[in-house]
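If you want the building blocks of each chain, they are given just below.
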Amino acid sequence: MEAKNTEKTAVIGCGPAGMMAALQAAKRNKQVLILEKEKRPAKKLLLTGDGRCNLTSTLRPQEMIDEIFRGQQFLYSAIFQFPPQATRDFFEKLGVKLKEERGRRIYPASNRAAEIKNKLIEELNNQGVRIKLATEVEKILTSANTVTAIKLKGGKKIAVSSVILATGGISYPETGSDGSGYRLAEDLGHKIKKPELALVPLKVENDWTSLAAGLKLKNVMVKLFWQEDLVKESFGEVIISKNKLTGSAILIISCHLQEFKLENYKLAIDLKPGLGKEKLERRIQGDLDKYSNKYFKNALKDLLPAKLRPVIVKLSRIPADKVCHQITGRERSELVKLLKNLPVKVTGKGGVKEAIITSGGLALEEVEPATMASKKIAGLYFAGEILEPAAYTGGHNLQIAFSTGYLAGLNC
Ligand SMILES: Cc1cc2nc3c(=O)[nH]c(=O)nc-3n(C[C@H](O)[C@H](O)[C@H](O)COP(=O)(O)OP(=O)(O)OC[C@H]3O[C@@H](n4cnc5c(N)ncnc54)[C@H](O)[C@@H]3O)c2cc1C
């Protein structure tokens, strides 16, 4: 192997962003040292995609950018320079067989996130990158606004010419991402935009969630309003448990809900998004005719899953034992309204142990989008989830980690 030059780069954090950054820096012949505070590297990566790792997608750059709900503009350069195709090529070159699943999601054919981690570690070793585990960085030292060294917990200092800060967000703190990286950046004068949990279940306060607990609703539309304005609609799955909702549609909605002033938000579920109001009313009328001599509580079995029927009967205020042919036109239209807008009272988001990502973090205005360099401190770079941007599910958050890691490693 060619002798490394004497310029030393410290990468703080051995997650996907840090590993990709370290590899690119090492390929440029830098001496690279990764410092990781956990005893094992990439703990969060091992959890991704339920242990199967949805590492990227088959989306084209612009399509992927549309999946980013925060920091879109900032990420153009990174995503176009290192798009999903580049991630696929990168891992295939390392000998990982990939497969595509529904939603254009890419997984390793082995279904093992561990394969992705192991290949990255193997390649870091091949490229001569040193990894120091159980080593927490406590401070980044500078002189005249230029990085000079890092200080480890315990006091040891290591002289470096550049630092890549890739310490992740605040979700799943047991994996090591506990927000300590924000403090390292703040000490150097960088601004942190309040980290918000995203892709996270929602806490709700509706009695009906106990009645319907355990139910998985498919193909429903969840609608989030700020006062009367529609903020976001999300089609997909809602999983109900007592005072808590999750599922793909809820996780997406959670990205658009800020925990302050929760009382100004309104959430509703359209249980029949495929049917407009008139069609749904005709459909209900058909059912009421079919069961005309039965009680209302027994007339919804063609329309709704068993666990939801008592909920809707209760919320409709139509007496459960009213005979169907006695139900008035007004009651029928109120029932339609309810089915199209089942109200949900959100009381908060789930905790850090349940959130898949953090939205917010290191303020983007202070970072060069084409290089990931700090605009404040020479020799300082950022990569991955520590940065403000965030995307929906589909392999996009790992892709952001790889794209920003690639740029940081290329420019440090
Ligand atoms: C359950 C779960 C499932 C997920 N599934 C997917 C998925 O399938 N697809 C997808 O795209 N995304 C998924 N994500 C999101 C994805 O895992 C993250 O976006 C990604 O790991 C971020 O990478 P990162 O390198 O920026 O940060 P991290 O992976 O969080 O790594 C940061 C590292 O820095 C270390 N560190 C922190 N502070 C210090 C310090 N002071 N000194 C030294 N080391 C430090 C931490 O210990 C950690 O190892 C999932 C997340 C979770 C929680």
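Residues numbered from 1 in each chain as written. Predicted model: local features only at pLDDT ≥ 70, side-chain atom pairs only at ≥ 80, totals over all residues. Heavy atoms only, no water.

1. Observations concerning the overall build of the chain
Consideration 1: Helix and strand content of the chain: 13 helices and 22 strands.
Consideration 2: In terms of principal-axis extent, the alpha carbons of the chain reach across some 90 × 45 × 35 Å.
Consideration 3: Per-residue burial over the chain gives 55% buried out of 412 residues.
Consideration 4: Sequence separation of 24 or more characterises 71% of the internal contacts of the chain that already satisfy a separation of 6 or more.
Consideration 5: Computed over 66 positive and 45 negative side-chain charges, the separation of the two mean positions in the chain equals 3 Å. (Helix = DSSP H or I, 4+ residues; strand = E, 2+ residues; numbered from the N terminus. Buried < 20%, exposed > 50% of the residue type's maximum accessible area, 1.4 Å probe, protein only. Contact = heavy atoms within 4.5 Å. Lys, Arg positive; Asp, Glu negative; His and termini not counted. Charge placed at Lys NZ, Arg CZ, Asp CG, Glu CD.)

2. Re the sheet that holds strand S10 (residues 157-159)
Consideration 1: Read across the open sheet, the three strands follow the order S8-S9-S10; overall the sheet is antiparallel. Strands with a single pairing partner mark the edges of an open sheet, and in this sheet they are strand S8 (137-143) and S10. The mean inter-strand angle of the sheet, taken between neighbouring strand axes irrespective of direction, is 30°.
Consideration 2: Where S8 lies against strand S9 (residues 146-152), six bridges are found, and the strand directions are antiparallel. Bridging from a neighbouring strand, Leu141 pairs with Ala149 of S9. (Pairing = 2+ DSSP bridges. Axes fitted to C-alpha atoms, helices over the stretch in contact; angles between N-to-C directions.)

3. Section: the domain arrangement of the chain
The figure often quoted for interface size is the accessible area lost as the parts come together.
Consideration 1: Per the domain assignment, the segments making up the chain are domain 1 (8-194 + 361-411) and domain 2 (201-350).
Consideration 2: The centre of domain 1, based on its C-alpha atoms, is set 41 Å off from the matching centre of domain 2. (Domains from an automatic or database assignment.)

4. With respect to the nonpolar core
Consideration 1: Ranked by internal contacts, the top residues of the largest apolar core, which has 79 residues, are Phe91, Ile140, Ile150 and Val163.
Consideration 2: A total of eight residues in this core trace back to one element, the largest contributor, which is helix H1 (residues 16-27).
Consideration 3: Setting aside residues up to four positions removed in sequence, Val163 forms contacts with Ala10, Ile12, Ile140, Val147, Ile150, Gly379, Leu380 and Tyr381.
Consideration 4: Ranked by size, the runner-up nonpolar core spans 44 residues in total, among them Ile250, Tyr265, Cys324 and Val344. (Core = buried A, V, L, I, M, F, W, Y, C linked by side-chain atoms within 4.5 Å.)

5. Thoughts on the packing of aromatic side chains
How two aromatic rings sit relative to each other is given by the distance of their centres and the angle of their planes.
Consideration 1: According to the stated counting rule, one finds six aromatic pairs in the structure shown.
Consideration 2: With 5.9 Å between their ring centres and 5° between their planes, Tyr76 and Phe80 make a pair best called stacked. Pair noted here: Tyr76 and Phe80 are both in helix H4 (residues 72-81), with a separation of four residues, about one helical turn.
Consideration 3: When its relative accessible area of 29% is taken as the criterion, Tyr76 is described as partly exposed.
Consideration 4: On the basis of relative accessibility, which here comes to 45%, the residue Phe80 falls in the partly exposed class.
Consideration 5: Where Trp226 meets Tyr265, the ring centres are 4.9 Å apart and the plane angle is 75°; that geometry is what we call edge-to-face. Here the residue Trp226 occupies a position in strand S14 (residues 216-226), and Tyr265 occupies one in strand S17 (residues 265-270), the gap between them amounting to 39 residues.
Consideration 6: Cluster of aromatic residues (ring-pair linked, three or more members): Phe90, Phe91 and Phe402.
Consideration 7: One residue, Arg52, lies across the ring of Tyr107, its end atom 4.1 Å from the ring centre. (Phe/Tyr/Trp six-rings, centres within 6.5 Å; stacked < 30°, edge-to-face > 60°. Lys NZ or Arg CZ within 6 Å of the ring centre and 35° of its normal.)

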